[in-house]
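Summary of the model geometry
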Amino acid sequence: MAAVRGLSLRAVALKAITPWPRGRLLASSVGLKASREASSSTPEAGEGQIRLTDSCVQRLLEITKGSEFLRLQVEGGGCSGFQYKFSLDTVINPDDRVFEQGGARVVVDSDSLAFVKGAQVDFSQELIRSSFQVLNNPQAQQGCSCGSSFSVKL
């Protein structure tokens, strides 16, 4: 059983407005809001990538210890049919893809990857909450007003 430490975070799905540089795909596995800039050292990559914003990388380096990483999953539920789930984990399963950027890792299982490929993971800090979010998800048709669920393009 995977060692998972749950986080009470909300996720937000937004449609792509601006193309962003993509994260780097590791060989053995599989990682801004419009006003933020992506890292200039981030290489362009293929369509099946998850990109990490600078704020996501910074926050992950602050909260992860040792072999911990951020796990992104997509589950059925929410107002629009699917919702994002974030947790800290230490076990990489055979069907996981690991995305790494600047020493921070985000892991997505192969089933969830189909719903988030090409998206960007961000960390947003506001007065009322701080959370990891999925931005610019090309697989999402629309999000709902609760900000944590989305419907997929058919």
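Details of the structure are given in the entry above.
Now for a quick tour of the structure. Quantities reported herein were computed from a predicted structural model and do not represent experimental measurements.

Broken down by element type, the protein carries 2 helices and 11 strands. Reading the protein from its N end, one meets helices and strands in the order β-β-β-α-β-β-β-β-α-β-β-β-β. Counting only residues that meet the buried cut, the protein has 45% of its 154 residues in that class.

To continue, consider the pattern of salt bridges. The final tally for this structure, using the stated rule, is 4 salt bridges. Between Glu75 and Lys85 there is a salt bridge, with its nearest N and O atoms 3.7 Å apart. Note that Glu75 is positioned in strand E4 (residues 69-76) and Lys85 in strand E5 (residues 82-89), a separation of 10 residues in sequence. Residue Glu75 is classed as partly exposed on the basis of its relative accessible area of 30%. Salt bridges sharing partners connect three or more residues here, namely Arg71, Asp89 and Asp96.

Let's shift gears to the packing of aromatic side chains. The final tally for this structure, using the stated rule, is 5 aromatic pairs. Here Tyr84 and Phe150 contribute two aromatic rings whose centre-to-centre distance is 4.6 Å and whose plane-to-plane angle is 15°, an arrangement assigned as stacked. Residue Tyr84 is found in strand E5, and its partner Phe150 is found in strand E11 (residues 149-152); the two are separated by 66 residues along the sequence. Accessibility assignment for this pair places Tyr84 and Phe150 in one class, buried. By the ring-pair criterion, three or more aromatic residues cluster together here, those being Phe82, Tyr84, Phe115 and Phe150.

Relative to the helices and strands, Ser131 is located in strand E9 (residues 130-135). Separated by 3.5 Å, the side chains of Ser131 and Gln133 make a polar contact.

Before going further, it helps to spend a moment on the environment of Val57. For Val57, the location among the structural elements is in helix H1 (residues 54-63). Judged by its relative accessible area of 11%, Val57 is buried. Remark: the alpha-carbon pair of Val57 and Gln101, spanning 44 residues in sequence, is separated by 6.9 Å. Sequence-distant contacts of Val57, that is, excluding residues within four places in its chain, are made with Leu52, Gln101, Gly102 and Ala104.

With 26 residues, the main nonpolar core has Leu72, Val116, Val121 and Phe132 as its most contacted residues. Listed by contribution, the elements that provide at least two residues to this core are H1, E4, E5, strand E7 (104-109), helix H2 (110-116), strand E8 (120-125), E9 and E11. Sequence-distant contacts of Val116, defined by excluding residues within four places in its chain, comprise Gln49, Ile50, Leu72, Val74, Tyr84, Val108, Asn137 and Gln139.

Rules used in this analysis
Residues numbered from 1 in each chain as written. Predicted model: local features only at pLDDT ≥ 70, side-chain atom pairs only at ≥ 80, totals over all residues. Heavy atoms only, no water. Helix = DSSP H or I, 4+ residues; strand = E, 2+ residues; numbered from the N terminus. Buried < 20%, exposed > 50% of the residue type's maximum accessible area, 1.4 Å probe, protein only. Salt bridge = Lys/Arg side-chain N within 4 Å of Asp/Glu carboxyl O. Phe/Tyr/Trp six-rings, centres within 6.5 Å; stacked < 30°, edge-to-face > 60°. Polar contact = N/O pair within 3.5 Å; in protein donor to acceptor, adjacent residues only side chain to side chain. Contact = heavy atoms within 4.5 Å. Core = buried A, V, L, I, M, F, W, Y, C linked by side-chain atoms within 4.5 Å.

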